[in-house]
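# Examining the three-dimensional arrangement
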Amino acid sequence: MKNNKITIIAISVAVILIIVAFVISMAGKGGWVGDVGNGVGTGINNGAENVSVVDGKQIIEINVKGGYRPGKSVAKAGIPTIIRFKTQGTFDCSSFIRIPSLNVSQSLPQTGITDVSVGTPTAGVLQGTCGMGMYRFEVEFQS
Ligand SMILES: [Cu+2]
């Protein structure tokens, strides 16, 4: 009898470990690795859907929740530009943004819209992260 109990416990532990490993591997597919730079997945805007120009001002919209989407945006250099961060029930650490090259280090509301001025960007890549540097986003400004 005692051996049976140990076997059942061992099988239960093994099943739990398999489930945990499966959940972790699924979570990884939605993570930031697929969002930036490598062209895989839904993270790259291919030019424009989240970028608009209103009254001569360029607006880049980034959705913030468990990371940044799109992870990479492509926009134009030489136009006054803001990045518009949209949070919606965002309780994870992506609600704190850092953009070192702009000296931006600020928390976003859990739900709301936060505009960050980029000034008039020159050509190049602007990079930002969450507070811990775990989630990333970038904007490529093209001349
Ligand atoms: Cu983080």
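Residues numbered from 1 in each chain as written. Predicted model: local features only at pLDDT ≥ 70, side-chain atom pairs only at ≥ 80, totals over all residues.

Next up on the list: the sheet that holds strand β10 (residues 136-142). The strand order across the open sheet built from five strands is β4-β10-β9-β6-β7, with neighbouring strands paired in mixed fashion. Among the strands making up the open sheet, the edge pair consists of β4 (72-76) and β7 (104-107). Going from strand to strand, the sheet's axes swing by 20° on average, the running direction of each strand aside. Pairing of strand β6 (residues 96-99) with strand β9 (residues 124-130), which is carried by two bridges, proceeds in the antiparallel orientation. The residue bridging Ile97 from the neighbouring strand is Cys130, located in β9. (Pairing = 2+ DSSP bridges. Helix = DSSP H or I, 4+ residues; strand = E, 2+ residues; numbered from the N terminus. Axes fitted to C-alpha atoms, helices over the stretch in contact; angles between N-to-C directions.)

A few words now on the confidence of the model for the chain. Averaged over all residues, the pLDDT of the chain equals 81, while 66% of them reach at least 70. Every residue in residues 15-20 scores below 50 in pLDDT, and together they form zero contacts with partners more than four places removed in sequence or on other chains. This stretch, residues 22-42, has a pLDDT under 50; its non-local contacts, to residues over four places away or in other chains, come to 21 contacts. (pLDDT = per-residue confidence, 0-100. Contact = placed C-beta atoms within 7 Å.)

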